[in-house]
Amino acid sequence: MASDASGSRRSDDLAPKAAFYNDPKIRGYFYQAVVVLLLAWGIWSIVSNTIENLQTRNIAQGFGFLDVTAGFDLSVALIDYPKNATYGRAILVGIVNTLVVAVIGIFFATLLGFIIGVARLSKNFVIQRLATGYVETIRNLPLLLQLFFWYFGVLSFLPNPRDSLKPMGEAIFINNRGFFVPEIVLAPGIAQGMLIAAAIAVAAAVLVRNWAKRRQDLTGKPFPVGLTAAGLVLGLPLLVFVVSGAAIQLVYPVKGAFNVTGARVVPEFIALLLALTSYTAAFIAEIVRAGIMAVSHGQTEAARSLGLSPSHTLRLVVIPQAMRVIIPPLTSQYLNLTKNSSLAVAVGYPDLVYIGGTVLNQTGQSVEVVAIWMLIYLTISVATSAFMNWYNRRVAIVER
Amino acid sequence: MSDTSVDPNRAFVRAEMLTARPAPGLTVGPIAWMRENLASSPGNFLLTLVGILILYKLIPPVIEFAFIKATWTGTNGADCRIAGFGACWPYVVDYLDEFAYGRYPFAERWRVNTVFVLFFALMVPLMIPKLPHKGWNALAFFGIFPVVAFFLLVGSPTLGLPIVETRNWGGLLVTLVVAVTGIVASLPMGILLALGRRSKMPIIRLLSVVYIEVWRGVPLITVLFMANTMLPLFVHEGQSIDNLLRALIGVAFFSAAYMAEVVRGGLQAIPKGQYEGAMALGLSYWKMMLLIILPQALKLVIPGIVNTFIGLFKDTTLVAIVGLFDLLGMIQATRANPVWAAPTTMLTGYLVAAIVYFTFCYGMSRYSQYMERRLATGHKR
């Protein structure tokens, strides 16, 4: 303690003291104080103006409108949306619809993106050029244009219900009111049983994997973990299904005089899904290509000279290293897809932004609606990044 | 060590080299190329067939649509139904002015043309590295041109130019105004935010991080809706903010956050020695940044910056959703006109839009690749 104090005193004595206004620390405090004051003044003037404007325009404030009955109908509602539902309920439907299109879009975009990314590295000239052409074209066109193309260009040529397309006999009807598919109705209880079976299967697969890893570490004998896990996860629910009497019923769509009734997938959803999938797939393809190219050829050669088979080389050496490069940008593409799903408002698929916009128009409470939008999208962003960061930590390189 | 002199006991010694024989016919030339790249194995050959099938399904219908079955002359939609399923080009000719200017008054369109000509006349020499006077050129483009363009487009009664309300603007004009404003505004804002995020002052760092993460976490549409509905509430009663200006503010704030992250990547890639060297020379913070760090950092992230520009250019289409008529919005608006109602009208319009957007975006990406090669001064190993 004492020596510290004397030491600092000594350096004070030696160094010529700079003027206080040249001290970077004091300057830092000063700049920050100025920024905070300016910001506070800006926020205060915005808030006071907004309150004043809202009062003169007779617009209510607060989130009370969420309990008011919404007067509009929705073409897609995957959760219960009764006639007298509230605005809050409508927004909840919007959140579910956004998540549904985002999750399905992410699935297909990943699939298509990996295929095209690998195709861009193909030794086959035609395939490689096709994939390059796809990526270059799609990436240089606005997503909204592609969405319009699918919705107003392609899907508008679907026939009316009377002349529905029937690609699979009387099971599926395709017309300009949507895709009508058979509804799967399970006897009560079976779905829950299958879910429980699936959960048990996942737990068993984890146990098998741990056991197999221990055995391989001890004895060197490999065990087909992937196949076993797939068999368990698919097999156990199927077993429950068969044992419980296979009480499944397919309710086929019925074609009436003017319309088709049955489980309907609206064309807005199809168009949005097509646009989001094809657009994001082009970006994912580039990420996958960069990821695979980042694994040096020496890695493959070393793996082969160790005696690993080509499939083991790919599975144990190339893919794990490529994934490290792929995961972070892939995450931001997933987030982009989720955010881009808000273009639904342009074709009328009732997602969060569409329903929020309707609520905004009816109530005029723009501040609250925008706050809800931002809160929900930020939550989705944070949740997705958290999950992908967790996954990224698992695959990240372990350095000594 | 080795004895190179010829052993006299040897019966035969070749004195000169044989001339090389040509490689076997199957390993060179187009045949070999095809064998290697199209059919090196049965699987590869199958892939070639699949590829050719896809091309066959893709290319002929597009050519048929755009040229063979297309209608070239006509006055309304009915004329476009006759030739079959082909493009309706007279519709594009009829609407060409709207696609370029929107509803800008006919008598005043020379002003838009002047702005377009000025824009390209100033930008092209700026982009060609060999041409001299870059400083004056940049000053003219970034300093003088925006002012001239503003007065020409908006109008000024004192200069004898009638005011043209922005609700009459449309087409490519709006697309370029939104894109250029967004690009010009987002770069300096993004640089400031990136510097703020790497600042040692905790409050400034926190504010920058919050700003960047919030804007990057929400979709542009919500930002545009917000700008459209909330900005009028933020100003004093009686004042109003122009519709186009609202969208411009929203786009600029939004893209600044993305630009900030790109610039931050460049700042992080600069070795610490550069900062220390600059400080050891006694440069102030701003001199260090402007003279030493930013020139190197920005050069490193040119591809990222251009990608952000391309993204921004594509995103300008979203202003159509909040009621502005950019190129795509204008094309979409023609759906309401019954005169040109034909099955292929909209597809023709989308084809035009696709060509325009592709030209701009592809051009930008090519130019960035060119600049990247030119500016590569030994940072790559």
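Criteria and thresholds
Residues numbered from 1 in each chain as written. Chains lettered and ligands numbered in written order. Predicted model: local features only at pLDDT ≥ 70, side-chain atom pairs only at ≥ 80, totals over all residues. Helix = DSSP H or I, 4+ residues; strand = E, 2+ residues; numbered from the N terminus. Rg over C-alpha atoms; globule rule 2.2 N^0.38 Å. Buried ≥ 20, exposed ≤ 12 C-beta atoms within 10 Å, placed from the backbone. Contact = placed C-beta atoms within 7 Å. Axes fitted to C-alpha atoms, helices over the stretch in contact; angles between N-to-C directions. Parallel < 35°, antiparallel > 145°, perpendicular 65-115°, else oblique. Left-handed = near helix turned anticlockwise from the far one by under 90°. Nonpolar A, V, L, I, M, F, W, Y, C, P; charged D, E, K, R; others polar. Pairing = 2+ DSSP bridges. Core = buried A, V, L, I, M, F, W, Y, C linked by C-beta atoms within 7 Å.

## Some thoughts on the overall build of chain B
Alright, step 1. The secondary structure content of chain B amounts to 15 helices and zero strands.
Alright, step 2. Here chain B has a C-alpha radius of gyration of 29 Å; the compact-globule value for 381 residues is 21 Å, and the former is much larger.
Alright, step 3. Counting only C-alpha atoms and orienting by the principal axes, one finds that chain B spans roughly 115 × 75 × 40 Å.
Alright, step 4. Going through the 381 residues of chain B one by one, you find that 31% of them count as buried.
Alright, step 5. Summarising the internal contacts of chain B: among those between residues at least 6 apart in sequence, 66% fall at separations of at least 24.

## Concerning the overall build of chain A
Alright, step 1. Along its length, chain A carries 13 helices and seven strands.
Alright, step 2. Relative to a compact globule of 400 residues, whose C-alpha radius of gyration would be 21 Å, chain A shows 29 Å and is clearly more extended.
Alright, step 3. The principal-axis extents of the C-alpha atoms in chain A amount to approximately 95 × 80 × 50 Å.
Alright, step 4. Counting all 400 residues of chain A, 30% fall into the buried class.
Alright, step 5. Here the contacts in chain A between residues at least 6 apart in sequence split such that 67% fall between residues at least 24 apart.

## What about the environment of A:Asn97?
All names here are of chain A.
Alright, step 1. Within the element layout of this structure, Asn 97 appears in helix α3 (residues 87-120).
Alright, step 2. Among the residues examined, Asn 97 registers 26 C-beta atoms within 10 Å and is labelled buried.
Alright, step 3. A C-alpha to C-alpha distance of 9.8 Å links Asn 97 and Ser 341, two positions 244 residues apart in sequence.
Alright, step 4. In contact with Asn 97, other than residues within four places in its own chain, are Val 76, Leu 78, Pro 350 and Asp 351.

## Brief notes about the packing of helix α4 (residues 125-139) of chain A against helix α8 (residues 267-294) of chain A
All names here are of chain A.
Alright, step 1. The contact between α4 and α8 brings their axes to 9 Å, and the two run at 120 degrees. Judged by the angle between their axes, α4 and α8 are oblique. Where α4 crosses over α8, the handedness of that crossing is left-handed. Only Ser 278, Tyr 279, Ala 282, Phe 283, Ala 285 and Glu 286 of α8 make contact with α4, whose side of the interface consists of Ala 131, Tyr 134, Val 135, Ile 138 and Arg 139.
Alright, step 2. Its residues assigned to classes, the contact of α4 with α8 shows eight nonpolar, one polar and two charged.

## Here we look at the sheet that holds strand β1 (residues 173-175) of chain A
Residue and element names in this part refer to chain A.
Alright, step 1. Spatially, β1-β2-β7 is the arrangement adopted by the three strands of the open sheet, whose pairing is antiparallel. A single partner strand is all that each edge strand has here, and the edge strands are β1 and β7 (263-265). In this sheet, adjacent strand axes meet at a mean angle of 20 degrees when their direction is disregarded.
Alright, step 2. As paired strands, β1 and strand β2 (residues 178-181) are joined by three bridges and run antiparallel to one another. Across the sheet, residue Phe 173 finds its bridge partner in β2, namely Phe 180.

## What to know about the pairing of β2(A)
Residue and element names in this part refer to chain A.
Alright, step 1. Taking the residues that link successive antiparallel strands as the turn, the β1-β2 hairpin has two residues.
Alright, step 2. Here three bridges tie β2 to β7, and the two strands are oriented antiparallel to one another. Looking at β7, one finds that Val 181 is bridged to Ala 263.

## Describing the interface of chain B and chain A
Alright, step 1. Tallying the contact residues gives 43 residues for chain B and 45 residues for chain A.
Alright, step 2. Elements that contribute at least two residues to the side of chain B that touches chain A include exactly α1 (29-38), α2 (42-68), α8 (202-217), α9 (220-234), α14 (327-333) and α15 (345-375) of chain B.
Alright, step 3. A total of nine residues in the side of chain B that touches chain A trace back to one element, the largest contributor, which is α15(B).
Alright, step 4. Grouping the amino acids of the side of chain B that touches chain A by side-chain chemistry returns 30 nonpolar, eleven polar and two charged.

## Considering the nonpolar core
What tends to happen in soluble globular proteins is that the nonpolar side chains get buried as a cluster.
Alright, step 1. Core analysis: the biggest nonpolar cluster contains 143 residues, and A:Leu147, A:Leu272 and B:Leu224 have the highest contact counts within it.
Alright, step 2. Per element, the largest residue contribution to this core is 15 residues, and it comes from α8(A).
Alright, step 3. A:Leu147 has contacts with A:Ala271, A:Leu272, A:Ala275, A:Leu343, A:Ala346 and A:Val347, leaving out every residue within four places of it along the chain.

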